Amino acid sequence: MATRFVATNECDADIAFKNAYVQCKKEDIGIITSPVGLPGRAIMNGFLNEAKNGERHPKSCPFHCITTCKKEISPYCISAALINACKGKLENGFAFIGANGYKVNKIVSVKELFETLSMEYRQCE
Ligand code: SF4
């Protein structure tokens, strides 16, 4: 459900982050293993491919936020990657997304989104 609210005018993520959702195709979505060992669904991009190939390493550990994350062996700093992505710097980050996120095809207001959700709900009754 949270995925639908990313592509709204009110979401405070950078427009590039929102557009990554709008432009995402079904085949762009993959399952990654985060540096803390948990799987997550994400829009695959150059950053994640580089991380997968061992070409990314954390330059520092700015927040010491996760006890199970060790800078020395982590493929990247997930905190920095998510902050970069939110700021629109997707060359140094990535976006998590829901399984049906590829269906998001435009940025709308939250009001419009609720109207759409309400209509979709009624269609399921
Ligand atoms: S995610 Fe980044 S800031 Fe957090 S513990 Fe790992 S390297 Fe440090």
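Definitions and limits used
Residues numbered from 1 in each chain as written. Predicted model: local features only at pLDDT ≥ 70, side-chain atom pairs only at ≥ 80, totals over all residues. Heavy atoms only, no water. Near = heavy atom within 4 Å. Nonpolar A, V, L, I, M, F, W, Y, C, P; charged D, E, K, R; others polar. Buried < 20%, exposed > 50% of the residue type's maximum accessible area, 1.4 Å probe, protein only. Salt bridge = Lys/Arg side-chain N within 4 Å of Asp/Glu carboxyl O. Helix = DSSP H or I, 4+ residues; strand = E, 2+ residues; numbered from the N terminus. Phe/Tyr/Trp six-rings, centres within 6.5 Å; stacked < 30°, edge-to-face > 60°.

S.K.: So, the site of the ligand: which residues are in play, and what are the values?
M.R.: Taken together, Cys-61, Pro-62, Phe-63, His-64, Cys-65, Ile-66, Cys-69, Cys-77, Ile-78 and Ser-79 make up all the residues around the ligand. When the residues that make up the shell around the ligand are grouped by side-chain class, the tally is eight nonpolar, two polar and no charged.

S.K.: Could you give an account of unusual backbone geometry, with specific residues and numbers?
M.R.: Although it is not a glycine, His-64 sits at a positive phi angle of roughly 50°. Owing to a relative accessible area of 66%, His-64 belongs among the exposed residues under this scheme.

S.K.: Describe the pattern of salt bridges, with residues and values.
M.R.: Counted under the stated rule, the structure contains three salt bridges. Notably, a salt bridge pairs Glu-120 with Arg-4, separated by 3.2 Å at the nearest N-O pair. One end of the pair, Glu-120, is in helix H5 (residues 110–124); the other, Arg-4, is in helix H1 (residues 2–6), with 116 residues separating them in the sequence. We classify Glu-120 as partly exposed; its relative accessible area is 29%. For Arg-4, a relative accessible area of 27% translates into the label partly exposed. Residues Glu-50 and Arg-56 are paired through a salt bridge, measuring 2.9 Å at the closest nitrogen-oxygen approach. Judged by relative accessible area, Glu-50 falls into the partly exposed class, the value being 30%. The exposure class assigned to Arg-56 is buried, which follows from its relative accessible area of 18%.

S.K.: Explain the packing of aromatic side chains residue by residue, including any values.
M.R.: Taken as a whole and assessed by the stated rule, the structure comprises six aromatic pairs. A ring pair is formed by Phe-5 and Phe-114, whose centres lie 5.7 Å apart and whose planes are at 65°; its orientation type is edge-to-face. Separated by 109 residues along the polypeptide, Phe-5 in helix H1 and Phe-114 in helix H5 bring together distant segments of the chain. For Phe-114, a relative accessible area of 49% corresponds to the partly exposed category. Summarising the aromatic geometry, the rings of Phe-47 and Phe-94 are spaced 6.2 Å apart at their centres and angled 20° between planes, so their arrangement reads as stacked. Placement of Phe-47 in helix H3 (residues 46–52) and of Phe-94 in the loop between helix H4 (78–86) and H5 is noted, with a sequence separation of 47 residues between them. Each member of the pair, Phe-47 together with Phe-94, is buried. Put simply, the rings of Phe-47, Tyr-76, Phe-94 and Phe-96 touch in pairs and so form one group of aromatic residues.

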